[in-house]
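# Observations on the three-dimensional arrangement
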Amino acid sequence: MPIPRIVFLVFLFTFFFFLRLPRFESANHDYSDALSKCIMFFEGQRSGFLPNDQRITWRANSGLSDGSQRSVDLTGGYYDAGDNVKFGFPMAFTTTMLSWSVIEFGDSMPAAERRNALAAIRWGADYLLKTVSHPGRIFVQVGDPIVDHNCWERPEDMDTARTVYTVEAPNPASDVAGETAAAFAASSMAFRSSDPGYSETLLRNAVSVFQYADNYRGAYSDNADIREGVCPFYCDFDGYQDELLWGAAWLRRASKDDSYLNYIENNGKTLGAEDNINEFGWDNKHAGLNVLVSKEYLEGNMYSLQSYKASADSFMCTLIPESSSSHIEYTPGGLIYKPGGSNLQHATSIAFLLLSYANYLAGTSQSVDCGNVSVGPSSLRRQAKRQIDYILGDNPLTISYMVGYSNHYPRKIHHRGSSLPAIKDHPEFIPCKGGSVYFNSSDPNPNVLVGAVVGGPGEDDSYDDDRVDFRKSEPTTYINAPLVGALAYFAANPELS
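This structure is a prediction, so every number in the text was calculated from the model and none was measured.

The rules we used
Residues numbered from 1 in each chain as written. Predicted model: local features only at pLDDT ≥ 70, side-chain atom pairs only at ≥ 80, totals over all residues. Heavy atoms only, no water. Helix = DSSP H or I, 4+ residues; strand = E, 2+ residues; numbered from the N terminus. Rg over C-alpha atoms; globule rule 2.2 N^0.38 Å. Buried < 20%, exposed > 50% of the residue type's maximum accessible area, 1.4 Å probe, protein only. Contact = heavy atoms within 4.5 Å. Disulfide = S-S within 2.5 Å. Pairing = 2+ DSSP bridges. Core = buried A, V, L, I, M, F, W, Y, C linked by side-chain atoms within 4.5 Å. Axes fitted to C-alpha atoms, helices over the stretch in contact; angles between N-to-C directions. Parallel < 35°, antiparallel > 145°, perpendicular 65-115°, else oblique. Left-handed = near helix turned anticlockwise from the far one by under 90°. Lys, Arg positive; Asp, Glu negative; His and termini not counted. Salt bridge = Lys/Arg side-chain N within 4 Å of Asp/Glu carboxyl O. Polar contact = N/O pair within 3.5 Å; in protein donor to acceptor, adjacent residues only side chain to side chain.

## Brief notes about the overall build of the chain
Regarding its fold elements, the chain presents 18 helices and 5 strands. Relative to its length of 497 residues, the chain is compact, with a C-alpha radius of gyration of 22 Å against a globular reference of 23 Å. By its C-alpha atoms, the chain is 80 × 55 × 40 Å across when sized along the principal axes. Per-residue burial over the chain gives 60% buried out of 497 residues. Of the contacts made within the chain by residues no fewer than 6 positions apart, 73% connect residues no fewer than 24 positions apart.

Structure (structure tokens):
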């Protein structure tokens with residue numbers, strides 16, 4: 001029987017459309033294994049006294065005098081990347097995203113991994129509580145990054161200046177304070193069922209630190225004594241206004257207090273909620289803000305929040321290649337790409353937003369109108385899966401960009417602790433410049449930082465395993481934090497195609 005013409009044309013269109021997409025031999029990924037390793041990575045980034053159940057055993061205690069310069073206890077927390085500095089701004093964002101991962105996808109996590117994820121959140125939140133323990137004062141950073149970056153030294157050997165950077169009222173820190181409020185509010189939700197008392201402490205501190213953010217408006221890096229320590233590493237490049245809305249949005253979700261609903265309703269335009277909507281990361285919260293707020297719009301018919309939903313829809317449409325409004329750049333191999341280094345932070349955070357928004361749409365039986373195409377939850381999930389699978393090995397080099405996952409992964413990552421001999425193997429002190437021989441070595445790192453996701457390939461999908469190239473080979477906590485949620489989803493739904 002002859003094939004009807006319309007069926008034939010549909011077949012041809014589908015055939016040629018898929019020819020345009022990059023094709024690699026797809027592995028059957030073990031998302032549960034990747035999830036476990038993704039969470040374990042945070043144990044390798046710990047500062048302070050390590051617990052008895054520490055699983056990355058080549059690490060040891062470090063930074064035990066942090067805060068003594070100001071007669072306060074600032075031990076604990078995370079080193080942000082491959083150095084030994086504790087930057088408060090990205091650490092707070094990391095804690096927020098770990099918490100959102102548990103809030104959104106924790107119910108589908110294996111019990112053991114949910115416990116590990118909560119432990120990772122608590123390690124960050126406990127430190128952040130210390131940073132706001134003095135009213136009218138926020139400790140935003142520990143460690144002089146210029147001095148630190150001039151050394152290649154194990155955190156356990158640190159003898160560089162542990163300078164404490166502090167903002168005191170009425171000086172502004174809306175960005176760090178707003179993100180810290182978001183971290184506390186989100187963490188309070190993550191712990192609500194397992195530790196109600198801790199949850200209440202976190203929420204109470206979220207309220208007070210948000211008041212500081214709103215009362216003393218401005219960027220923390222605009223303070224001259226702070227700027228010299230945080231810039232150009234974690235300057236506020238995109239303004240502090242998004243963190244005010246982001247902090248208020250998380251407080252609304254955690255507390256259900258109408259005053260925060262009024263805040264995001266009344267301040268959206270003046271604080272630029274509709275600006276720069278296609279970014280999401282430690283410095284720019286706009287896309288995440290719009291997705292977060294859209295949940296209440298979708299589930300509660302809150303029409304006063306419609307502009308946030310419209311911006312979230314617009315963002316999603318930019319990510320769909322067949323949409324007429326698509327303008328996100330992809331590598332030839334299909335990875336979301338944004339210039340500037342540490343590119344996989346964009347891939348993991350955007351994949352997380354795709355999956356979260358897909359959940360919100362599915363829960364209300366809605367889709368996104370992208371003009372020439374209607375995009376439903378399954379399409380958003382497939383788009384997220386392409387990013388996660390690329391990271392795990394479905395890419396032109398068939399390399400996993402997660403250390404320890406599969407047999408082909410980066411061996412020479414830009415990370416001091418990983419690249420220097422472990423204390424237990426080399427107990428002798430290695431001074432500041434004594435580590436240079438290890439930094440310049442062509443040998444693989446002696447310590448495997450399990451679960452670390454490196455900065456990733458260039459715009460042409462190229463990657464050289466080179467610890468000197470920190471833009472590609474350095475892991476960060478804020479690459480992994482949203483990946484926890486994405487991997488939890490795919491571990492529970494591996495059949496998605």
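What follows picks up the thread again.
## Brief notes about the state of the cysteines
For the structure on display, the rule yields 3 disulfides. The disulfide that involves Cys151 links it to Cys432, with 1.9 Å between the sulfurs. Here the S-S torsion is close to -95 degrees, and the disulfide linking Cys151 with Cys432 is therefore left-handed. Taken as a pair, Cys151 in the loop between helix H5 (145-149) and strand E3 (164-168) and Cys432 in the loop between helix H15 (416-419) and helix H16 (436-439) lie far apart in primary sequence, 281 residues in all. Cys432 matches Cys151 in its accessibility class, with the two residues each being buried. Two residues share a disulfide in this structure: Cys231 and Cys235, whose sulfurs sit 1.7 Å from each other. Taking the torsion about the sulfur-sulfur bond, which here is approximately 115 degrees, the covalent link between Cys231 and Cys235 counts as right-handed. A single burial state applies to Cys231 and to Cys235, both of which are buried.

## What about the pairing of strand E2 (residues 137-142)?
In terms of burial, E2 is a largely internal element, 5 of the 6 residues being buried. Bridge count between E2 and E3: 5 bridges; the pairing is antiparallel. Counterpart to Val142 in the pairing with E3 is Val164.

## Quick look at the nonpolar core
Within the largest apolar cluster, 148 residues are counted, with the highest numbers of intra-cluster contacts made by Trp100, Tyr357 and Leu487. Of the residues forming this core, the biggest block, 12 residues, is contributed by helix H13 (residues 344-363). Residues within four places of Leu487 in sequence aside, it is in contact with Tyr31, Ala34, Leu35, Cys38, Ile388, Leu392 and Met402.

## Observations regarding the sheet that holds strand E1 (residues 86-87)
If you walk across this open sheet you meet the 3 strands as E1-E2-E3, and the pairing is antiparallel. Of all strands in the sheet, those with a lone pairing partner are E1 and E3, marking the two edges.

## As for the packing of helix H2 (residues 31-44) against helix H4 (residues 111-131)
Between H2 and H4, whose axes approach to 9 Å, the crossing angle comes to 25 degrees. With respect to H4, the axis of H2 lies roughly parallel. Here H2 runs over H4; the crossing is left-handed. Each of Leu35, Ser36, Ile39 and Phe42 in H2 lies in contact with H4, whose residues at this interface are Glu113, Asn116, Ala117 and Ala120.

## Some words on the side chain of Glu153
Take Glu153: it is sitting in the loop between H5 and E3. No salt bridge is formed by the buried Glu153, whose closest oppositely charged neighbour, Arg416, lies at an N-O distance of 7.3 Å. Polar side-chain contacts of Glu153 include one of 3.4 Å to the backbone nitrogen of Cys432. Sequence-distant contacts of Glu153, defined by excluding residues within four places in its chain, comprise Asn84, Met158, Asp159, Thr160, Arg416, Leu420, Phe429, Ile430, Pro431 and Cys432.

## Let's talk about the environment of Asp236
The residue Asp236 is located in the loop between helix H8 (224-230) and helix H9 (241-255) in this model. Since its relative accessible area comes to 11%, Asp236 is described here as buried. In sequence terms Asp236 and Asn284 are 48 residues apart; their C-alpha atoms lie 8.9 Å from each other. Every residue in contact with Asp236, bar those within four places of it in the chain, is listed here: Asp175, Ala219, Tyr220, Ser221, Glu243 and Asp283. Here Asp238 takes part through its backbone nitrogen, which lies 3.2 Å from a polar atom of the side chain of Asp236.

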